[in-house]
Amino acid sequence: MATTVEQGKGIGVAALRKEDRKFLTGRGRYVDDIRMPGMLHMAIVRSQMPHADITGIDTAAAAGMPGVTAVLTADDLEFAAGVPCASNPTGDMVHPVRWPLAKGRVRHVGEPIAVVLAADRYAARDAADAVVVDYAELPAVTDVDAALADGAPRVHDELDSNVGLILAHKTDGVDDAFAKAEVVVEQTIRNQRLIHVPIETRGVVADWNPANDDLVVYSSTQVPHFLRTFLAIVCGVSEAKVRAIAPDVGGGFGSKLNAYAEEFIAAAVSRKVGAPVKWIEERSEAMLATCHGRAQDAHMSLAATKDGKVLGLRAHYVQDYGSYLQMLTPLISQLTFLMSPGAYAIPEVDVKVTNVYTNTVPTDALRGAGRPEATHAIERIMDILANELGMSRTEIRRRNFPTEFPFTTAIGLQLDSGDYSKTLDKLLELSDDKATFERRREEAAARGKLLGRGLSTWVEVCGFVPSDVARNALGLTPGGWESSTVRMHPTGKVTVITGTSPHGQGHATSWSQIVETELGVPFDDVEVIHGDTAFAPYGLGTYGSRSLAVGGTAVHLAAGKVREKAKLVAAQMLEAAPDDLDFSGGAFAVKGSPDKRATIQEVAFRAWQAFGMPEGVGPGLDETVFFDPPNCVFPFGAHGCEVEVDRDTGKVEITGYIAVDDCGNVINPMIVDGQVHGGVVHGIAQALYEGAEYDSGGQLVTGTLVDYLVPSAADVPHIETHRTVTPSPTNPLGVKGIGEAGTIASTPAVVGAVCDALGVRDLDMPLQPEAVWTAMQKGGAA
Amino acid sequence: MKSAVTITVNGAPRTAEVEPRTLLVHLLREHLNLTGTHVGCDTSNCGACTVWLGGEAVKSCTVLAVQADGREVTTIEGISGNGDLHPMQRAFHENHALQCGYCTPGMVMTAIKLLEENPEPTDEEIRHGLEGNLCRCTGYENIVAAVRAASGVTV
Amino acid sequence: MIPRAFAYERPTSVADAAGLLRTHGEGARILAGGHSLLPMMKLRLAAPETLIDIGGISSLRGVSDAGSHLVIGALTTHAEVAGSDLVRSGCPILAQAAASVGDMQVRNRGTIGGSLAQADPHGDLPTVLLALDGDVSAEGPDGIRTIAAADLFLGFLTTSLRPDEILTGVRVPKAANGAYVKFNRRAQDWAIVGVAAVVDGSSARIAITGVGAAPVRAEAAERAFSGGNAAEAAEHAAEGLDPPSDSAGSADYRRHLARVLTRRALEEATAG
């Protein structure tokens with residue numbers, strides 16, 4: 001039989017991606033590419049009021065329009081439960097119900113009220129515009145200050161106020177630390193509301209088969225198995241009759257880590273009309289209908305010695321939940337809370353989060369999901385402390401790094417491994433020394449530019465999450481494990497079934513690399529199936545930089561079990577004891593008799609034939625592993641950013657950006673770099689360009705890509721990436737996560753650089769030119 | 001009121017019945033089943049819908065199908081001959097210039113025209129040439145590298 | 001994303017187009033490149049009953065040399081204007097402004113005539129035409145007339161074109177020393193403020209966009225320039241302006257940008 005030839009595309013290689021060809025040739029299959037016979041198009045009528053009772057919905061005109069099959073409201077569809085929230089940090093948090101279609105009351109502009117079904121999307125849109133909704137307007141609160149004011153109108157009547165949840169943790173010595181401190185600095189640091197804007201909006205094709213009551217739902221989702229489970233619960237159908245499929249997904253960044261009203265509506269509508277139903281979100285609709293992110297203010301203060309040793313942290317975060325809880329809404333600020341000390345060994349902490357409902361689009365996970373907020377706030381206040389003390393910003397950080405790992409923070413989080421000085425040192429090696437930089441600053445000033453630089457030393461928690469921690473510490477409904485099946489077929493090819501659900505991260509490529517290394521099977525012989533609940537027994541999806549640490553480990557372990565079983569069968573074939581076999585180059589050979597060998601492909605064929613198997617070994621070569629990680633993982637690093645600010649216009653140009661990151665062992669360095677590039681640019685976009693804004697009437701002012709400023713290649717700089725490797729002890733691959741790291745690290749590096757350029761204490765993002773110019777006018781700039 | 005339009009798409013004449021308001025991108029995707037061209041916004045910002053009309057890169061979401069009547073359109077499906085990748089597609093692959101792939105067809109179509117206009121661009125010229133194409137995944141770093149590689153310019 | 005339904009006409013001559021405008025009246029709009037009109041229709045902010053597509057009238061495209069002037073057909077795209085050797089050598093400020101519009105794809109469709117007829121308060125081409133003291137030709141039922149730039153832009157999205165007139169061409173004087181400086185937050189964006197400066201010996205014509213309902217001539221700045229003093233001129237650039245405040249820029253910032261960009265445009269224009 002054929003001998004195996006590994007392709008040199010195992011772990012550590014910058015293997016080019018398997019996923020590329022279909023995308024490059026326009027043969028990807030995203031949800032809007034899916035067609036079915038008899039498929040109807042759904043358009044959604046959405047609230048134009050931030051807070052109102054619906055006093056009438058007139059569907060008559062719409063129902064009579066050409067091509068229209070039906071116009072449906074909440075009265076026409078039955079749901080067994082509301083839109084799910086799977087996060088309850090305290091266990092006793094009240095979860096206000098959100099019905100997929102508004103029942104009587106709407107609480108934000110954009111909330112779905114009615115749907116139109118038509119033969120094509122043009123007719124559906126025309127008819128949706130012809131539905132007339134009458135409202136009795138209610139007073140609305142559109143920012144947290146208004147929501148917290150005495151006597152503020154309540155977003156949810158069942159609550160006493162607009163406070164949804166408070167978390168607090170105070171160590172015994174923190175008051176003392178502040179009382180005794182030689183210096184205390186305070187600042188309110190804002191993290192503005194953002195909109196994810198994946199280039200593919202959301203979309204669903206729901207196909208209820210009336211012949212046997214099966215439901216198949218295609219959705220642009222990051223979490224197909226969660227979707228399946230929630231479809232069963234919300235739509236009141238047997239989970240065994242539901243299949244959820246994530247086809248090719250055009251980006252998520254957390255916006256598709258959710259279970260949305262529209263998914264349940266499409267399924268219910270398909271059941272009602274007995275035909276497949278497609279809904280594709282328009283972009284301006286997405287700005288109002290897909291969850292937002294961030295929207296958190298941090299009131300920070302540090303108590304320190306004159307030498308820059310931080311004795312205590314007070315952090316009070318105020319989080320805007322928006323009007324409803326979506327799947328993980330409460331978790332986000334909980335993660336900020338947990339990561340509040342950042343990369344520093346701060347002995348005493350007083351941390352609190354106040355979460356507030358407002359009549360705006362709900363907030364939930366957005367790349368980094370609570371950790372960018374924590375890192376931005378702690379990095380900014382550390383810079384402020386350094387400036388107050390006249391100390392170097394790098395020295396003050398170094399002075400406060402933990403030095404021994406694992407390290408348990410004052411909040412109780414155990415950081416698995418790290419060497420924060422290592423990445424900081426590397427960043428400094430790659431950067432100009434102070435004297436050189438100051439010379440360049442002078443030279444820039446002569447050109448009318450203010451030069452500045454900033455840095456961030458970051459650590460983050462990802463690789464979510466041990467199931468016990470998910471339940472006990474975080475109050476999450478789902479666990480945090482991941483599944484993988486590795487199956488070697490009779491002819492030696494391998495299928496990997498993973499519970500992760502990639503949408504750009506290259507899992508098919510990276511998982512194939514893991515299998516090549518583990519089984520000596522060529523990279524090209526491995527197929528990876530993901531995103532389809534018909535295949536994986538269950539998967540927890542892709543988000544939170546977890547897929548490699550948890551899902552990749554599951555692949556590795558399942559492949560290891562395949563090899564172990566193959567060894568037993570090989571031993572039988574070679575008439576040797578299993579311990580007398582070596583495995584290398586994808587083949588088993590008897591030690592000392594290399595001509596007595598069997599390739600793993602030959603073993604696979606035999607295993608499926610299953611004659612003469614060893615005692616206790618059954619047919620086949622197919623192993624499934626559920627890996628529940630013992631801890632989260634904690635990548636870390638140091639980023640440096642240099643800016644030139646135009647003194648006349650306030651425009652900020654990033655003239656240099658260096659990322660030094662440590663995500664443990666690396667499976668595919670090319671993919672890792674790509675994640676850092678994307679993450680950093682996403683953070684730069686937050687720092688300089690983006691911000692979702694509401695007016696006082698509760699209307700989203702930044703409702704299209706004309707006003708919500710996602711940057712192009714012309715608007716962002718070259719990103720230089722470097723790496724150190726500190727393997728994680730948490731999983732056998734020694735890997736951490738990297739997908740969100742760039743976003744977490746970058747905003748404080750950018751903002752710090754602009755503050756350095758202007759000589760100001762802090763600035764609110766986004767640092768658009770007018771904001772910077774205004775800061776310069778107010779003084780502080782040379 | 002529908003009317004017939006005939007457009008030469010990827011070298012072949014195609015006829016469809018369309019309303020005047022039918023957008024070219026919808027004609028391509030829905031009537032002709034050429035789903036490689038994508039929709040990413042509704043304000044002509046993102047460029048995911050970029051095709052060539054009369055050999056020029058245009059945003060097909062901002063062209064009516066009727067405006068393209070009698071003209072030639074090339075989509076992403078039409079740029080590789082005989083199953084081989086176009087050099088730009090190959091450069092994107094070799095430089096990891098795509099992740100989720102959704103912006104990729106439009107980005108490739110624009111990038112090819114960029115190099116036709118300016119065969120040896122600087123990185124700054126590449127970035128400006130791509131100002132009408134948004135990507136959320138890559139941070140543009142590898143896209144710029146891919147276009148540079150395709151141009152043969154070494155840094 | 002999806003416009004409301006409309007009727008569509010595709011005339012093959014200007015006379016036919018003008019006739020159709022007359023027939024359909026207020027419910028009709030001219031469609032050229034469509035990159036101002038179609039985005040508004042897709043958001044359903046505009047819903048004309050009839051679109052009269054003049055894109056096929058090839059006589060309306062092209063750049064020609066008329067001695068002291070350049071004559072440009074209304075359907076000439078921004079890309080064509082930016083790439084035209086005639087424009088680049090004869091009136092480089094116009095090429096510069098055309099090259100700054102939107103992005104490559106937009107420039108391949110947007111036309112100079114469409115841009116001028118649209119009269120967007122942040123528009124680039126109207127500003128440059130104003131600074132050049134150019135004019136446009138308009139054809140209507142009563143024949144052809146010439147409208148000077150100074151008389152063309154009346155207010156917010158409003159020109160002095162009559163409802164039954166079609167802008168058919170643009171005429172600009174050749175001008176060696178001019179510069180258009182545009183300020184925006186992102187490369188593909190409209191100008192927040194843009195300044196076009198054309199310098200002729202010791203005098204300058206300066207027009208500014210983004211500071212009102214329509215682009216305006218900065219007359220105080222022009223007077224202060226006399227003799228070639230860019231800095232002095234810039235000081236006066238915001239005089240008489242009443243800019244709007246909106247999410248892209250406050251009135252104060254726009255006034256400030258008017259001064260900064262006037263200086264930069266004049267310096268660039270005189271640098272040659």
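Before going into details, it helps to say that this report is about the structure given with it. Computed from a predicted structure; not experimentally measured. (Residues numbered from 1 in each chain as written. Chains lettered and ligands numbered in written order. Predicted model: local features only at pLDDT ≥ 70, side-chain atom pairs only at ≥ 80, totals over all residues. Heavy atoms only, no water.)

So, the side chain of R202(A)
Residue and element names in this part refer to chain A.
Next up, step 1: Structurally, R202 is set in the loop between β8 (183-195) and β9 (203-209).
Next up, step 2: Here the side chain of R202 touches E262 through a polar contact of 3.0 Å, side chain to side chain.
Next up, step 3: One polar contact links the side chain of R202 to the main-chain carbonyl oxygen of A289, over a distance of 3.2 Å.
Next up, step 4: The contact partners of R202, leaving out residues within four places of it in the chain, are S220, S255, K256, Y260, E262, W279, I280, E281, A289 and T290. (Helix = DSSP H or I, 4+ residues; strand = E, 2+ residues; numbered from the N terminus. Polar contact = N/O pair within 3.5 Å; in protein donor to acceptor, adjacent residues only side chain to side chain. Contact = heavy atoms within 4.5 Å.)

Some remarks on the nonpolar core
Nonpolar side chains tend toward joint burial in soluble globular proteins.
Next up, step 1: M42(A), M300(A) and L302(A) are the most contacted members of the largest nonpolar core, which totals 120 residues.
Next up, step 2: Tallying contributions element by element places helix α10 (residues 371-389) of chain A first for this core, with 8 residues.
Next up, step 3: If sequence neighbours within four positions are ignored, M300(A) has contacts with V185(A), E186(A), Q187(A), I189(A), L313(A), R314(A), A315(A), Y317(A), A377(A), I378(A) and I381(A).
Next up, step 4: Formed by 93 residues, the second largest nonpolar core is a distinct cluster that contains V672(A), A57(B), V108(B) and L115(B). (Core = buried A, V, L, I, M, F, W, Y, C linked by side-chain atoms within 4.5 Å. Buried < 20%, exposed > 50% of the residue type's maximum accessible area, 1.4 Å probe, protein only.)

Let's talk about the interface of chain C and chain B
Next up, step 1: In this assembly, 31 residues from chain C lie in contact with 34 residues from chain B.
Next up, step 2: In this assembly, chain C packs against chain B so that about 2,600 Å² is buried in total across both faces, 58% of it on carbon and sulfur atoms.
Next up, step 3: For the interface between chain C and chain B, the tally reads 2 salt bridges.
Next up, step 4: Notably, a salt bridge pairs D103(C) with K59(B), separated by 2.7 Å at the nearest N-O pair.
Next up, step 5: On the surface where chain C and chain B come into contact, there are 11 residue pairs in polar contact (both at pLDDT 80 or more).
Next up, step 6: At the level of secondary structure, the elements contributing two or more residues to the side of chain C that touches chain B comprise α2 (37-42), β3 (50-53) and α6 (104-109) of chain C.
Next up, step 7: When residues in the side of chain C that touches chain B are grouped by element, the largest group, 6 residues, is from α6(C).
Next up, step 8: Considering only residue class, the side of chain C that touches chain B consists of 15 nonpolar, 7 polar and 9 charged. (Buried area = accessible area lost by both parts, 1.4 Å probe. Salt bridge = Lys/Arg side-chain N within 4 Å of Asp/Glu carboxyl O. Nonpolar A, V, L, I, M, F, W, Y, C, P; charged D, E, K, R; others polar.)

Topic: the interface of chain A and chain B
Next up, step 1: Counting residues at the interface gives 54 residues for chain A and 51 residues for chain B.
Next up, step 2: Buried area between chain A and chain B, both sides added, is near 4,400 Å², and the carbon and sulfur share of it is 54%.
Next up, step 3: When the buried area of chain A at its contact with chain B is split by residue, L24(A), Y122(A) and I199(A) rank highest and sum to 19% of it.
Next up, step 4: Inspection of the chain A/chain B interface yields 5 salt bridges.
Next up, step 5: Between R121(A) and E30(B) there is a salt bridge, and its shortest N-O distance comes to 2.6 Å.

Section: the packing of aromatic side chains
Next up, step 1: For the structure shown, the criterion picks out 13 aromatic pairs over all chains.
Next up, step 2: With centroids separated by 5.5 Å and ring planes inclined at 65°, the aromatic side chains of Y321(A) and Y357(A) adopt a geometry described as edge-to-face. One end of the pair, Y321(A), is in strand β14 (residues 310-322); the other, Y357(A), is in strand β15 (residues 348-357), with 36 residues separating them in the sequence.
Next up, step 3: Measuring from centroid to centroid gives 5.3 Å for W481(A) and F626(A), while their planes differ by 70°, and the two rings are edge-to-face. Of this pair, W481(A) sits in the loop between α14 (467-473) and β19 (482-488) while F626(A) sits in strand β25 (residues 622-627), and the two are 145 residues apart along the sequence.
Next up, step 4: Grouped by ring-pair contacts, the aromatic residues Y344(A), F401(A), F405(A), Y420(A) and F636(A) constitute a single cluster.
Next up, step 5: Taking the ring centre of W208(A) as reference, the NZ or CZ of R271(A) above it sits at 4.9 Å.
Next up, step 6: Sitting above the plane of the W52(B) ring, K113(B) keeps its charged end 4.3 Å from the centroid. (Phe/Tyr/Trp six-rings, centres within 6.5 Å; stacked < 30°, edge-to-face > 60°. Lys NZ or Arg CZ within 6 Å of the ring centre and 35° of its normal.)

So, the sheet that holds strand β10 (residues 166-173) of chain C
Residues and elements named next belong to chain C.
Next up, step 1: Strand order across the open sheet formed by 5 strands is β4-β5-β10-β6-β7, with antiparallel pairing between neighbours. Across the chains shown, the open sheet's two edge strands, defined by having one partner strand only, are β4 (63-66) and β7 (143-148). Each strand axis lies, on average, 25° off the axis of its neighbour in the sheet, ignoring direction.
Next up, step 2: Here 6 bridges tie strand β6 (residues 135-140) to β7, and the two strands are oriented antiparallel to one another. Bridge pairing links E139 to I144 in β7.
Next up, step 3: On the sheet, helix α1 (residues 14-24) packs against β6 and β10 and is oriented at approximately 125° with respect to β10.
Next up, step 4: Helix α8 (residues 125-132) rests against β6 and β10 of the sheet, and its axis sits at about 50° to β10. (Pairing = 2+ DSSP bridges. Axes fitted to C-alpha atoms, helices over the stretch in contact; angles between N-to-C directions.)

Some words on the pairing of strand β3 (residues 50-53) of chain B
Residue and element names in this part refer to chain B.
Next up, step 1: Burial along β3 is two-sided: T50 and W52 facing one way and V51 and L53 facing the other are all buried.
Next up, step 2: Pairing geometry for β3 and strand β4 (residues 56-59), over 4 bridges, is antiparallel. Each residue of the ladder has a partner; that of V51, found in β4, is V58.
Next up, step 3: Counting the residues in the hairpin turn of β3 and β4 gives 2 residues, including G54, whose phi is positive at 55°.
Next up, step 4: Of the pairings in the sheet, the one linking β3 to strand β5 (residues 72-74) comprises 2 bridges and is antiparallel in character. Looking across to β5, one finds that W52 is bridged to T74.

Some remarks on the pattern of salt bridges
Next up, step 1: Inspection of every chain in the model, using the stated rule, returns 80 salt bridges over all chains.
Next up, step 2: In this structure, R264(C) and D648(A) form a salt bridge, with 3.4 Å as the shortest nitrogen-oxygen distance. Placement of R264(C) in helix α12 (residues 251-271) and of D648(A) in the loop between β26 (636-646) and β27 (652-662) is noted, with the two residues assigned to different chains.
Next up, step 3: According to the relative accessible area criterion, D648(A) is partly exposed, its value standing at 35%.
Next up, step 4: Two residues, R255(C) and D252(C), come together in a salt bridge whose shortest N-O distance is 3.5 Å. With R255(C) and D252(C) both in helix α12 and 3 residues apart, this pair spans about one turn of that helix.
Next up, step 5: Taken together, the shared-partner salt bridges in this structure form one network comprising R125(A), D126(A), D129(A), E282(A), E19(B), R21(B), R4(C) and R44(C).

Describing the sheet that holds strand β12 (residues 277-280) of chain A
All names here are of chain A.
Next up, step 1: Pairing is mixed across the open sheet formed by 7 strands, whose spatial order is β3-β5-β1-β12-β9-β10-β11. Two strands lie at the open edges of the sheet, namely β3 (68-73) and β11 (242-245), each paired on one side alone. Each adjacent strand pair in this sheet contributes to an overall mean axis angle of 20°, direction not counted.
Next up, step 2: Both β9 and β12 contribute to a ladder of 4 bridges, which runs antiparallel. Within β12, the position partnered with G203 by the bridge is I280.
Next up, step 3: Here helix α6 (residues 224-235) sits on the sheet and contacts β10 (214-219) and β11; the angle it forms with β11, its principal contact strand, is near 150°.

Structural notes on unusual backbone geometry
Next up, step 1: A cis amide bond links F405(A) to the next residue, P406(A), at an omega of 0°.
Next up, step 2: Here P406(A) is to be found in the loop between α11 (393-400) and β16 (407-408).
Next up, step 3: The peptide bond linking F464(A) to V465(A) adopts the cis configuration, its omega dihedral lying at -5°.
Next up, step 4: By secondary structure assignment, the location of V465(A) is in the loop between β18 (449-459) and α14.
Next up, step 5: For A610(A), which is not glycine, the phi dihedral falls at a positive 65°.
Next up, step 6: Along the chain, A610(A) falls in the loop between α17 (600-609) and β25.
Next up, step 7: Unusually for a residue other than glycine, S44(B) sits at a positive phi of about 60°.
Next up, step 8: Along the chain, S44(B) turns up in the loop between α1 (24-31) and β3.
Next up, step 9: Relative accessible area serves as the criterion here: at 9%, S44(B) is assigned to the buried category.

Quick look at helix α15 (residues 507-519) of chain A
All names here are of chain A.
Next up, step 1: Between its first and last C-alpha, α15 extends 17 Å over 13 residues, near the 18 Å set by a 1.5 Å rise per residue.
Next up, step 2: For α15, the buried fraction is high: 12 of the 13 residues fall into the buried class.
Next up, step 3: When α15 is considered as a whole, its buried residues turn out to be H507, A508, T509, S510, W511, S512, Q513, I514, V515, E516, E518 and L519.
Next up, step 4: Looking at the residues trailing α15, positive phi occurs at G520, about 65°. (Expected span 1.5 Å × (residues − 1).)

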